[in-house]
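Results of the structural survey
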Amino acid sequence: MNCDLIKPENIVYKKPELMNDVPMHYCPGCSHGVVHKLIGEIIEEMGMEEKTVGVSPVGCAVFAYRYLDIDWQEAAHGRAPAVATGIKRLWPDRLVFTYQGDGDLACIGTCETIHALNRGENIVVIFINNAIYGMTGGQMAPTTLMGQKTSTCPYGRVAELHGYPLKITEIAAQLEGTCYVTRQSVENVAAIRSAKRAIKKAFEASMAGKGSCLVEIVSTCSSGWKLTPLQANEWMQENMFKFYPKGDLKDTLK
């Protein structure tokens, strides 16, 4: 290719400047990388590169600080909303968000999540829901679907033994402190664009002091589900979206 043809005015898309040029540890087909890219794009568009703090706890996102060149704070398992609360109260001019998986947020971190959102802390909770513990071996999570097989429920989740899947986003939508609660996904271009709009809306609302925001991203886990990336996308659309329907659950910003 003639390199002279590659001119700045011909570029219609590029990697966010905030994305570090390092290999990702996420499995092929994982949704995390796409969401990282969206977060980087949005922070750049908002001009908040020097005033953003991300909080990531234990789970697949524990190494998020490797990929986005912003300030990060690690948190104990499930405690990210509590840590984010302290950061935002100390630095109210900062864009503060947590980045959590379903095991972290909806299991060990249920208390911190619900109470931070109910207090109306001006933070954004980004919730990656792949219905399984992806990092530790594919165990059943609070969000695992009925009948779904995991390493700890090899015959499928049943209510008598395991209870029912927890719809944490629906719970968040009922809390007085939340201003924007939405469920999105990133399996195709249209979904990615919708997810980006949702995350940006949440970031802007938190900076405007409107209250707490939660953005759930229904995601795949090819390794945990033991499927190819393509099969995982298909399984998610056929099964996850039925129980976790996409769209805004609460929007007081209109």
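How each quantity is defined
- Residues numbered from 1 in each chain as written.
- Predicted model: local features only at pLDDT ≥ 70, side-chain atom pairs only at ≥ 80, totals over all residues.
- Heavy atoms only, no water.
- Helix = DSSP H or I, 4+ residues; strand = E, 2+ residues; numbered from the N terminus.
- Buried < 20%, exposed > 50% of the residue type's maximum accessible area, 1.4 Å probe, protein only.
- Polar contact = N/O pair within 3.5 Å; in protein donor to acceptor, adjacent residues only side chain to side chain.
- Arc of directions from axis to C-beta.
- Pairing = 2+ DSSP bridges.
- Expected span 1.5 Å × (residues − 1).
- Bend = angle between axes of the 7 residues up to and from the residue.
- Contact = heavy atoms within 4.5 Å.
- Axes fitted to C-alpha atoms, helices over the stretch in contact; angles between N-to-C directions.
- Core = buried A, V, L, I, M, F, W, Y, C linked by side-chain atoms within 4.5 Å.

Our next topic: the environment of Val-34. Checked against the element boundaries, Val-34 lands in helix α1 (residues 32–46). Here Val-34 falls in the partly exposed class, since its relative accessible area comes to 23%.

Time to look at the side chain of Ser-185. Structurally, Ser-185 can be placed in strand β5 (residues 178–185). With relative accessibility at 1%, the residue Ser-185 sits in the buried group. A polar side-chain atom of Ser-185 sits 2.5 Å from a polar atom in the side chain of Glu-187. Here the side chain of Ser-185 touches Lys-246 through a polar contact of 2.9 Å, side chain to side chain.

Turning to helix α4 (residues 110–119), its buried residues are Glu-112, Thr-113, Ala-116 and Leu-117. Viewed end-on, α4 has its buried residues packed into an arc of 115°, placing them on one side of the element. A positive phi of about 75° marks Gly-120, the residue just after α4.

What follows concerns the pairing of strand β3 (residues 95–101). With six of its seven residues buried, β3 lies for the most part within the structure. Across four bridges, strand β1 (residues 52–56) lies against β3 in parallel orientation. Across the sheet, residue Val-55 finds its bridge partner in β3, namely Thr-98. Note that β3 and strand β4 (residues 124–129) share five bridges and pair parallel. Among the inter-strand pairings, Thr-98 is bridged to a residue of β4, identified as Val-125.

End to end, helix α9 (residues 229–243) covers 21 Å across 15 residues, agreeing with the expected 21 Å (1.5 Å per residue, within 8%). At Met-236, α9 is bent by approximately 35°, the largest bend along its length. What α9 keeps buried is the set Ala-232, Met-236, Met-240 and Phe-241. On its buried face, α9 is in contact with β4, β5, β6 (212–218) and α8 (222–225).

The strand order across the open sheet built from seven strands is β2-β1-β3-β4-β6-β5-β7, with neighbouring strands paired in mixed fashion. Each end of this open sheet is capped by a strand with a single partner; those strands are β2 (71–74) and β7 (247–251). Pairs of neighbouring strands in the sheet enclose a mean axial angle of 15°, with direction left out of account.

Moving on, we come to the nonpolar core. Counting residues in each nonpolar core, the largest one holds 34 residues, and the members touching the most others are Val-35, Ile-39, Ile-43, Phe-97, Ile-126 and Phe-203. If one sorts the elements of this core by residue count, helix α7 (residues 189–207) sits on top with seven residues. Those residues in contact with Ile-39 that sit more than four places away from it in its chain are Leu-68, Phe-97, Tyr-99, Ile-126 and Phe-203. Counting 20 residues, the second-largest nonpolar core is a separate cluster that includes Val-55, Ala-75, Ile-87 and Val-96.

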